[in-house]
Protein chains: 2
Amino acid sequence: MNVILLSGGSGKRLWPLSNEVRSKQFLKLFEREDKTYESMAQRVVRQIRSVSANANITVTTGMQQKSAVRNQLGDVVDVCVEPARRDTFPAIVLAAAYLKKKKDLSLDDVMIVCPVDPYADDHYFKNFELLERVAASGQSNLTLMGISPTYPSEKYGYIVTQEWDNRDSYVRRVVEFKEKPGTKEAECLIRKGALWNSGVFAFRTGYILDIAAKYVDDTDYMYLFENYEKLPQISFDYAVAEQEKNMGCIEYKGRWKDVGTWNTLAEEMSSDTLGNVRLADNCKGVNVINELEIPILACGLENVIIAASADGIIVSEKYASSFIKPYVESMDQRVMYKEKSWGEYRVLNESRYAMSIRLHIRSGKAMSYHCHHNRDEIWIVLNGKGMITIGERTKVAGIGEVVVLPAGVRHSIEAVTDMEVMEIQLGESVSDSDVERFAFE
Amino acid sequence: MNVILLSGGSGKRLWPLSNEVRSKQFLKLFEREDKTYESMAQRVVRQIRSVSANANITVTTGMQQKSAVRNQLGDVVDVCVEPARRDTFPAIVLAAAYLKKKKDLSLDDVMIVCPVDPYADDHYFKNFELLERVAASGQSNLTLMGISPTYPSEKYGYIVTQEWDNRDSYVRRVVEFKEKPGTKEAECLIRKGALWNSGVFAFRTGYILDIAAKYVDDTDYMYLFENYEKLPQISFDYAVAEQEKNMGCIEYKGRWKDVGTWNTLAEEMSSDTLGNVRLADNCKGVNVINELEIPILACGLENVIIAASADGIIVSEKYASSFIKPYVESMDQRVMYKEKSWGEYRVLNESRYAMSIRLHIRSGKAMSYHCHHNRDEIWIVLNGKGMITIGERTKVAGIGEVVVLPAGVRHSIEAVTDMEVMEIQLGESVSDSDVERFAFE
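All of the points below concern the structure found in this document. Keep in mind it's a predicted model, so treat the numbers as computed, not measured.

1. Concerning the overall build of chain A
Phase 1: A tally of helices and strands in chain A yields 10 helices and 30 strands.
Phase 2: Its C-alpha atoms give chain A a radius of gyration of 24 Å, near enough to 22 Å, the size a compact globule of 441 residues would have.
Phase 3: With the C-alpha coordinates of chain A rotated into their principal frame, the extents come out at 75 × 60 × 40 Å.
Phase 4: Every one of the 441 residues in chain A was classed for burial, and the buried ones make up 56%.

2. Quick look at the side chain of Ser412 of chain A
Phase 1: Relative to the helices and strands, Ser412 of chain A resides in strand E28 (residues 411-415).
Phase 2: Within the local environment of Ser412 of chain A, its side chain forms a polar contact with the backbone oxygen of Met367 of chain A, the two atoms lying 2.9 Å apart.

3. Some details on the interface of chain B and chain A
Phase 1: Tallying the contact residues gives 56 residues for chain B and 56 residues for chain A.
Phase 2: Together, the buried faces of chain B and chain A total about 4200 Å²; carbon and sulfur atoms form 70% of this surface.
Phase 3: Among the residues of chain B in contact with chain A, Leu297, Ile313 and Tyr327 of chain B are the three that bury the most area, contributing 17% of the side total.
Phase 4: If you look at where chain B meets chain A, you find zero salt bridges.
Phase 5: In this assembly, chain B and chain A are joined by 22 residue pairs in polar contact (both at pLDDT 80 or more).
Phase 6: For the side of chain B that touches chain A, the element with the most residues is strand E19 (residues 312-317) of chain B, which contributes six residues.
Phase 7: Here the side of chain B that touches chain A is composed, by residue class, of 35 nonpolar, 12 polar and nine charged.
Phase 8: Note that strand E19 (residues 312-317) of chain A and strand E17 (residues 296-299) of chain B share four bridges and pair parallel. The residue of E17 of chain B that forms the bridge with Ser316 of chain A is Cys299 of chain B.

4. Some details on the sheet that holds strand E20 (residues 337-340) of chain B
Residues and elements named next belong to chain B.
Phase 1: Strand order in the open sheet formed by six strands is E20-E21-E22-E29-E24-E27, and the pairing between neighbours is antiparallel. This sheet does not close on itself; its edge strands, each paired only once, are E20 and strand E27 (402-405). Each strand of the sheet is rotated relative to its neighbour by a mean of 20°, with strand direction disregarded.
Phase 2: Here four bridges tie strand E24 (residues 376-383) to E27, and the two strands are oriented antiparallel to one another.

5. Let's talk about the sheet that holds strand E14 (residues 273-274) of chain A
Phase 1: Reading across from one edge, E14(A)-E16(A)-E18(A)-E19(A)-E17(B)-E15(B) is the order of the six strands in this open sheet, with mixed pairing throughout. The open sheet has two edge strands, E14 of chain A together with strand E15 (277-279) of chain B, and neither has a second partner.

6. A few points about the pairing of strand E24 (residues 376-383) of chain A
All names here are of chain A.
Phase 1: Along E24, six of the eight residues are buried, which leaves the element largely enclosed by surrounding structure.
Phase 2: When E24 meets strand E29 (residues 419-426), the two strands line up antiparallel, connected through seven bridges. From the neighbouring strand, Ile380 faces E29, where its bridge partner is Met422.

7. Brief notes about the pairing of strand E9 (residues 157-162) of chain B
Residue and element names in this part refer to chain B.
Phase 1: Of all six residues in E9, five are buried; the element is thus mostly enclosed.
Phase 2: Judged from the six bridges that link them, E9 and strand E10 (residues 172-179) form a sheet pairing that is antiparallel. Bridge pairing links Ile159 to Phe177 in E10.

8. Description of helix H3 (residues 88-102) of chain A
Residue and element names in this part refer to chain A.
Phase 1: Across its 15 residues, H3 extends 20 Å between first and last C-alpha, which sits within 8% of the 21 Å expected from 1.5 Å per residue.
Phase 2: Burial analysis of H3 places 11 of its 15 residues in the buried class, which makes it a mostly covered element.
Phase 3: Of the residues making up H3, those classed as buried are Phe89, Pro90, Ala91, Ile92, Val93, Leu94, Ala95, Ala96, Ala97, Tyr98 and Leu99.
Phase 4: Asp104 sits one or two residues past H3 and shows a positive phi near 55°.

9. Focus: the environment of Asp87 of chain B
All names here are of chain B.
Phase 1: Within the element layout of this structure, Asp87 appears in the loop between strand E5 (78-82) and helix H3 (88-102).
Phase 2: Residue classification places Asp87 among the partly exposed positions, given a relative accessible area of 38%.
Phase 3: For the pair Asp87 and Leu231, spaced 144 residues apart in the sequence, the C-alpha separation amounts to 9.9 Å.
Phase 4: Leave out the neighbours within four places in its chain, and Asp87 touches Gln233, Ile234 and Ser235.

Criteria and thresholds
Along each chain, the written sequence defines residue order, and numbers are assigned to residues from 1. All chains are assigned letters beginning with A, and all ligands numbers beginning with 1, in the order in which they are written. With pLDDT at 70 or above as the cut-off, local features in this predicted model cover only qualifying residues; side-chain atom pairs require 80 or more to be listed or tallied, and sums for whole chains, interfaces and linings still use all residues. In computing side-chain values, all of the structure's heavy atoms are included and hydrogens and water are not. Numbered from the N terminus, helices here are DSSP runs of H or I no shorter than four residues, and strands are runs of E no shorter than two. Throughout, radius of gyration means the C-alpha value; the globule benchmark is 2.2 Å times the number of residues raised to the power 0.38. Residue burial is assigned from relative accessible area. The probe radius is 1.4 Å, only protein chains are included, and a residue is buried under 20% of its type maximum, exposed over 50%, and partly exposed in between. Two N or O atoms form a polar contact when they lie within 3.5 Å of each other; inside protein one atom must be a possible hydrogen donor and the other a possible acceptor, and for residues adjacent in sequence the pair counts only when both atoms belong to side chains. Here, residues are in contact when the closest pair of their heavy atoms is within 4.5 Å. Each of two parts loses accessible area, computed with a 1.4 Å probe, when they are put together; buried area is these two losses added. Salt bridges are defined by distance alone: a side-chain nitrogen of Lys or Arg within 4 Å of a carboxyl oxygen of Asp or Glu. Charged means Asp, Glu, Lys or Arg here, nonpolar means Ala, Val, Leu, Ile, Met, Phe, Trp, Tyr, Cys or Pro, and polar covers whatever is left, Gly included. What makes two strands pair is DSSP finding at least two bridges between them. Axis definition: a line fit to C-alpha positions, over the contact stretch in the case of helices; interaxial angles, taken between N-to-C directions, run 0 to 180 degrees. Given the number of residues in a helix, its expected span is that number minus one, multiplied by 1.5 Å.

This is the structure:
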């Protein structure tokens with residue numbers, strides 16, 4: 001089974017836990033049976049593997065999220081990096097070309113496209129086997145998975161179906177597909193028995209590459225990667241699903257939820273609080289997620305969500321939490337927490353000429369060999385042990401080691417055990433983009 | 001005019017802005033006409049000076065608060081440090097002995113005792129002149145200031161008065177004084193026309209020292225300081241006011257408020273928010289005080305107070321905010337922010353072997369010459385310029401200076417301009433008490 005997981009979105013609706021570089025699908029908020037926490041992305045990959053242990057899973061995402069995907073999902077998934085964020089149609093085309101080239105998929109092999117973050121029962125993923133079989137049979141060009149709608153939402157696509165004679169009884173013929181209708185039209189579609197589109201699509205690789213060929217001269221992976229901007233910036237739903245005449249649909253009847261806002265997320269939390277939190281007895285329907293080390297005390301509140309991270313703090317009545325996006329967008333702020341290929345960092349303090357950052361470097365991981373042109377750096381090892389390279393020299397560094405790295409001096413660090421390092425950046429202007437990377441000689 | 005300001009209390013009711021070392025009276029939350037902010041202590045001193053420019057003001061407080069008093073009130077007030085916290089009776093006795101010795105007060109000179117934090121109009125302090133005149137005349141041993149009660153509180157003392165023939169018409173004779181009655185008794189006292197005790201007392205210095213002599217052999221300041229534990233741990237209200245037969249009372253009729261809980265404080269805030277805060281339009285009656293650098297976003301809330309500091313975050317319905325004390329007391333936490341004689345510090349990060357602290361050292365101020373026995377320290381200058389002494393050597397230090405201070409090495413820092421310094425403490429066990437101070441040789 002070939003599954004493409006679409007991992008997009010900056011997720012401002014779950015601010016301050018999600019931000020430009022940390023999307024909602026990577027928040028470890030869901031408790032497993034063994035009391036550890038997993039993210040939506042981890043949950044989905046685990047569920048797919050429980051259905052198909054050898055599934056060939058590829059995550060398509062932007063450069064910004066590559067480290068998060070690698071850190072959370074490890075090497076059991078492939079990552080197809082989009083050269084720019086351009087919507088789901090180009091992302092799916094690129095992923096198809098990637099699978100064809102890197103995984104030797106034939107044009108007749110079936111791909112199943114799925115969002116990286118549906119909150120659903122395992123049965124949702126069990127349906128992938130049926131989708132694959134229907135798509136492989138060629139009875140429809142594109143096979144969808146529908147879900148019974150609960151209200152006339154303007155956010156989803158709607159699928160109107162009818163029975164399909166002489167076919168697998170699970171599959172119905174799609175007679176109408178309408179992406180994001182207005183409320184009135186959605187009401188009318190629901191009356192006709194329409195289903196919501198779950199965002200899961202199954203089709204043969206050749207099908208999507210043929211459609212791509214209308215826009216580009218070549219559908220080879222390298223060509224598409226280098227000419228990505230030639231693919232139109234449009235969603236797969238508008239570009240493909242709304243146009244296709246020969247579509248089938250199967251229905252998923254289990255639990256399904258779009259856990260994209262604080263109030264929907266709160267409903268799925270296994271406990272009311274996460275982190276250092278004290279909830280007074282007079283609180284009702286209060287959920288608190290605290291990623292900070294300092295405590296949060298909540299008293300006398302009803303139906304309120306509180307979430308705190310290095311980026312900020314939100315306190316919102318639950319229903320109102322669905323509408324925070326414009327406020328978050330109006331706040332211009334630096335990202336204070338970021339996952340990196342070697343671990344993570346958190347900004348602790350900013351002043352006129354200095355920025356203090358706590359680095360966590362995972363055992364066995366290393367930074368690239370790099371230098372900065374407009375800032376000096378100082379590293380102090382707070383915990384763990386590693387190898388620090390300064391210029392041509394490498395030395396072992398343990399707790400208390402102080403290393404001064406003047407601008408222009410090439411440096412790197414490799415953790416032998418998990419390391420905690422204080423990095424102090426000093427200079428007139430400190431910027432993420434002031435970095436030049438080198439290969440070790 | 002001799003005024004003793006009683007500065008006590010750990011102020012858990014205003015957590016997380018107040019804590020063991022930072023009492024509510026030092027929170028700069030009150031906007032002045034020039035748009036700067038002042039604390040309750042600063043406001044009271046300013047108001048007393050506006051009535052009596054040359055008032056001799058002495059703050060009596062514990063060692064923990066000495067730096068905060070000095071930083072906020074400067075050298076225009078004296079500080080009488082209590083050797084231990086023992087309640088208001090011993091504190092007032094010690095202050096009387098202090099004034100007698102250090103300020104050459106005679107036994108007939110009048111002292112006015114006042115809490116450091118009444119939120120009142122200037123007229124409240126204008127009454128001090130009248131109190132002084134009454135106390136000096138000797139017509140009563142102890143003269144109080146009463147306030148019209150608004151509800152049968154169990155927190156205050158109650159004063160029942162009657163007219164006093166042939167005396168100043170402003171002064172009434174006290175026929176009953178009852179400290180902290182139960183609600184039923186308070187209701188009864190209010191029906192009798194009782195006033196609340198404002199906590200302001202006027203008396204001759206000899207009066208209180210005579211009472212003290214019942215408990216101790218000597219009422220000399222140095223003796224009392226060294227034998228402070230011999231004075232009973234009791235409030236002035238119980239020890240003196242409830243016992244005294246000859247008391248007068250004047251009434252204050254202006255605005256007065258005990259700004260000791262979040263809901264009462266919120267009412268006096270000149271703007272709904274302080275600090276980095278975004279309040280959505282759908283909030284009503286919401287007050288937010290944010291001392292952190294990260295933003296707070298509030299949405300869809302009604303009658304809620306939010307306050308955030310380096311110590312923690314509270315989110316409380318306003319009425320419920322009066323009852324947070326037991327929850328705060330149940331949270332065992334390190335103080336993350338502290339005012340010092342040389343400025344202030346804030347804990348930024350704690351890990352197994354290291355604590356990272358940001359120091360602000362005020363221009364012209366210096367740390368004591370000291371060393372630690374069980375930890376190394378590293379200083380990195382982030383901003384400003386100063387002189388750093390390590391062992392016998394002193395050098396100029398500017399931005400980017402890195403100083404390593406192994407355990408046992410004596411060191412100090414003096415700021416030439418305002419300095420920001422990152423201090424990293426490294427050791428098996430890092431403790432506030434691991435410090436030995438020395439005189440410069």
